[in-house]
Amino acid sequence: MSVLDVKDEYVGQADVGVVGLATMGANLCLNILDKGFKLAVYNRTTATSEKFVSDNRAKYGDKLTGAANFADFAKLLKKPRRAMILVVAGPITDGVIQSLSDVFEKDDIIVDTGNAHFKDQTDRANMLEAKGLRFLGMGVSGGAEGARKGPAFFPGGTLSIWDEVKEIVEAASAKAIDGRPCVTMCGSGGAGSCVKMYHNAGEYAILQLWGEVYAAMRGAGMDGDQIQKELTRWKSLGDLDSYMLDITIEVAGHKNAESPSGFLVDVTGDAIGSKGTGLWSVQVAMEVGCPCPSLAAAVVSRQMSMEHIQRRLNHAIIGGETSKASEHARKAEAAFHEEFCRDLYWAAYLAIVASYAQMFEAIRAVDREYKLNIVGNLPRIISTFRAGCILQGSMLQPMTEAFEKNPNIPNLMCAFGKQIGEGMPGFRATCGRLVLSGESMPVLQASLCYMVTMSQNIILAGQAVSLQRDVFGRHGFKKIRDGQLTEESYNEEWPEMAP
Ligand code: 6PG
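Residues numbered from 1 in each chain as written. Predicted model: local features only at pLDDT ≥ 70, side-chain atom pairs only at ≥ 80, totals over all residues.

**Looking at the overall build of the chain**
What counts is decided by this rule: Labels follow the DSSP assignment, with helices taken as runs of H or I lasting at least four residues and strands as runs of E lasting at least two, numbered in each case from the N terminus. With C-beta atoms placed from the backbone, the exposure class of a residue follows from how many other C-beta atoms lie within 10 Å of its own: 20 or more, buried; 12 or fewer, exposed; in between, partly exposed. Contact criterion: two residues are in contact if their C-beta atoms, reconstructed from the backbone, are within 7 Å.
Helix and strand counts for the chain stand at 20 helices and nine strands. Counting only C-alpha atoms and orienting by the principal axes, one finds that the chain spans roughly 85 × 65 × 45 Å. Residues classed as buried in the chain amount to 45% of the 499 residues present. Taking all contacts inside the chain whose residues are at least 6 apart in sequence as the whole, residues at least 24 apart take part in 71%.

Set out below in structure tokens:
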């Protein structure tokens, strides 16, 4: 006798099935059960399914069933069947999709929640729909705790399929301050995974940015306790209050007995791993011609962090020169501590705005190219970032309002004119100061560059480079007439200049 034996009264009863009982999967199961749905589970290791069902039977009774194989799992589900996959993204997910499609029947629905590339989700949808099955690619954000208490979901695919799983997903999702569920249909094909990819690219940029703020404060002589105190003050000001700031506050001051300084961060390895979503986001944005320097800088920062062997070799030879601080800058930091922190606050604030602006512009540009029908849903999608997910924070509220008021807003930065006016001097001062004190701050600098360049009428360097290309390649250049670029291209007569 096993708790996974399929009794007659269990057949065709479960509202939804979950494949994968690692932390995220198990937590999402408990969340769904708490909302009153009947659930069937399957995990590759049978003992894990047995344990999960046994541990939770007392609380949920026969609302929770489990299966030892895919055929039994299919028997437990109400038709048309609905199954969510929470296993490792990539080939393991493909294997589960294959196994489910072997036992599922026409019109049954498979929902993959993995951090997949949106192009792969579009391919999976086409492959399964050709077999008569139905598919949704649905990103989930919020980590293990989010899965238990209510994450944000990013579904994409065919609208009629969404209508059939919506009730369960909305019930399990986080709710924003106005009570709206943090889930909306993002668009067609791989739209949900596309939104999740850019959610993650924003996550990379803002995590890195908070890392740079931490490093700047350390460089100015603050210890973990002082950093914690200062960042807690920033949080209390409201606008920057967010999950990513909360975890930075925790990380900065977290104590550890083995660490000579007393802080865990000082004995922590600096190589930052990644699973791919940030890189894919930047690759696709670049391919479709959408500039996203802060997102790219975050990916590059992780890549540089991984080069720890080369960094150490370089450091032994040139490190003394490259990280040499201007004495003046160091003294200024210590002497003007209050001013340093105030300016750094604005640098963080505006870099966050710039990072979100790039994220939203990249989604718009990718959508134009791949026709995922995301843009019409963008205001609602942004509203779903307000709770449950890693990005959640106060600033998502004015961002939601900006896009709801004007979905065609040229760029998110236009909704933050007042803050840009107030904070730009501090942003510039911070970047200047950190350059002089020998710090590396890829996302802060890239964000300043984006904010300045993307609001310039004329890019002087752009004018010069356009002519350089004409000198050696006769590539032609546009002119500016009445404030607009001319349609036609021109060539100039240049003197002979062989390279
Ligand atoms: C989330 C996270 C989560 C995870 C990503 C990024 O929204 O809950 O984005 O999905 O952190 O996989 O992971 P990497 O940093 O390893 O690429």
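**Some words on the packing of helix H15 (residues 337-370) against helix H19 (residues 442-453)**
Here is the rule we go by: Between N-to-C directions, angles cover 0 to 180 degrees, with each direction set by a line fitted to C-alpha atoms, over the stretch in contact for helices. Note on terminology: angles under 35 degrees are roughly parallel, angles over 145 are roughly antiparallel, angles of 65 to 115 are roughly perpendicular, and the others are oblique. Crossing handedness follows the turn of the near helix against the far one: under a right angle anticlockwise gives a left-handed crossing, and clockwise gives a right-handed one. Note on residue classes: Ala, Val, Leu, Ile, Met, Phe, Trp, Tyr, Cys and Pro are nonpolar, Asp, Glu, Lys and Arg are charged, and everything else, Gly too, is polar.
One can describe the packing of H15 onto H19 by two numbers: an axis separation of 9 Å at closest approach and a directional angle of 70°. One way to sum up the angle between H15 and H19 is to call them roughly perpendicular. Judged by the twist between their axes, the crossing of H15 over H19 is left-handed. Contact with H15, carried on its side by Ala 347, Leu 350, Ala 351, Ala 354, Ser 355 and Gln 358, involves Val 443, Leu 444, Ser 447, Tyr 450 and Met 451 of H19 and no other residues of that element. Of the residues in the contact of H15 with H19, the class split is eight nonpolar, three polar and no charged.

**Section: the nonpolar core**
In plain terms, the rule: Structurally, a nonpolar core is described as a collection of buried Ala, Val, Leu, Ile, Met, Phe, Trp, Tyr and Cys residues joined by way of C-beta atoms within 7 Å. For the purposes of this description, domain bounds are those given by an automatic or database domain assignment.
Ile 110, Cys 194, Leu 209, Leu 295, Val 353 and Ile 363 are the most contacted members of the largest nonpolar core, which has 141 residues in total. Top contributing element to this core by residue count: H15, with 21 residues. Taken domain by domain, the makeup of this core includes at least three residues from each of domain 1 (8-189) and domain 2 (196-453). Setting aside its immediate chain neighbours within four residues, Cys 194 contacts Phe 118, Gly 156, Ile 363, Val 366, Leu 372 and Ile 374.

**As for the site of the ligand**
The line we're drawing: Whether a residue is near a molecule or strand depends on its C-beta atom, generated from backbone atoms, being within 6 Å of that molecule or strand.
For the ligand, the set of nearby residues contains 13 residues, the closest of which are Ser 141, Asn 200, Ser 274, Lys 275 and Ile 390. Taken together, the residues of the shell around the ligand break down into two nonpolar, nine polar and two charged. When residues of the shell around the ligand are sorted by domain, at least three fall in each of domain 1 (8-189) and domain 2 (196-453).

**Concerning helix H18 (residues 417-436)**
Keep this limit in mind: In a helix, the anticipated span is given by 1.5 Å times the number of residues less one.
Between its first and last C-alpha atoms H18 spans 28 Å; for 20 residues at 1.5 Å apiece the expected length is 28 Å, and the two agree. For H18, the full list of buried residues reads Gly 423, Gly 426, Phe 427, Thr 430, Cys 431, Arg 433 and Leu 434. Phi for Gly 438, located one or two positions after H18, is positive at around 80°.

**Concerning the pairing of strand S3 (residues 64-67)**
Stated formally: Paired strands, in this sense, are two strands between which DSSP finds at least two bridges. For crossovers, right-handed means that the path from the first strand over the helix to the second runs clockwise, given strands pointing away from the viewer.
Burial along S3 is two-sided: Leu 64 and Gly 66 facing one way and Thr 65 and Ala 67 facing the other are all buried. Summarising the sheet, strand S2 (residues 39-42) and S3 pair through four bridges and their orientation is parallel. Across the sheet, the residue bridging to Val 41 is Gly 66, located in S3. Once the chain exits S2 it traverses helix H2 (residues 46-60) before rejoining the sheet at S3, and the crossover so formed is right-handed.

**Some words on the domain arrangement of the chain**
The domain architecture assigned to the chain consists of domain 1 (8-189), domain 2 (196-453) and domain 3 (459-499). Measuring from the centre of the C-alpha atoms in domain 2 to the corresponding centre in domain 3 gives 36 Å.

**Brief notes about the environment of His 337**
Tracing the backbone shows His 337 in helix H15. Judged by local crowding, His 337 falls into the partly exposed class, with 16 C-beta atoms found within 10 Å.

**Things to note about unusual backbone geometry**
Note the cis peptide between Lys 79 and Pro 80, where omega equals -10°. Positive phi outside glycine occurs at Asn 373, with the angle close to 55°. Structurally, the position occupied by Asn 373 is in the loop between H15 and helix H16 (378-384). Of note in this structure, Asp 482 is not a glycine but carries a positive phi near 50°. Position of Asp 482 relative to the elements: it lies in the loop between strand S8 (480-481) and strand S9 (484-485). With 5 C-beta atoms counted inside 10 Å, the residue Asp 482 sits in the exposed group.

**A few points about helix H4 (residues 91-103)**
This is how the line gets drawn: What the arc covers is the set of directions going from the helix axis to the C-beta atoms.
Its 13 residues place the ends of H4 19 Å apart at the C-alpha level, agreeing with the 18 Å of an ideal helix rising 1.5 Å per residue. Of the positions making up H4, those classed as buried are Thr 93, Val 96, Ile 97 and Leu 100. In an axial view of H4, the angular spread of the buried residues amounts to 100°, which keeps them on one side of the axis. Opposite the packed face of H4, turned more than 90 degrees from it, sit the exposed residues Pro 91, Gln 98 and Asp 102. The inward-facing, buried residues of H4 abut strand S1 (16-19), helix H3 (70-76), strand S4 (82-85), strand S5 (109-112) and helix H5 (118-130).

**Here we look at the sheet that holds S2**
The seven strands lie next to each other as S3-S2-S1-S4-S5-S6-S7, forming an open sheet whose pairing is mixed. Edge positions in the sheet fall to S3 and strand S7 (152-157), since each has one partner strand and no second. With strand direction ignored, the average angle separating the axes of adjacent strands in the sheet is 25°. Pairing geometry for S4 and S5, over four bridges, is parallel. In the strand pairing of S5, Arg 82 is matched with Ile 109. The strands touched by helix H8 (residues 191-219) are strand S6 (134-141) and S7; relative to S6, the strand with the most contacts, the crossing angle is about 15°.

**Describing the pairing of S1**
Alternating positions in S1 separate into two faces, Val 16 and Val 18 on one and Gly 17 and Val 19 on the other, with burial throughout. Note on the crossover from S1 through helix H1 (residues 23-34) to S2: the handedness is right-handed.

**Remarks on the environment of Glu 492**
Structurally, the position occupied by Glu 492 is in the segment after S9. For Glu 492 and Arg 474, which are 18 residues apart along the polypeptide, the C-alpha to C-alpha distance reads 8.1 Å.

**Considerations on the environment of Met 185**
Assignment of secondary structure puts Met 185 in the loop between helix H7 (159-172) and H8. The class of Met 185 is buried, set by 26 C-beta atoms lying within 10 Å. Along the primary structure Met 185 and Gly 156 are separated by 29 residues, whereas in three dimensions their C-alpha atoms are 5.8 Å apart. Beyond its immediate stretch of four places on either side in the chain, Met 185 contacts Pro 155, Leu 159, Trp 162 and Asn 377.

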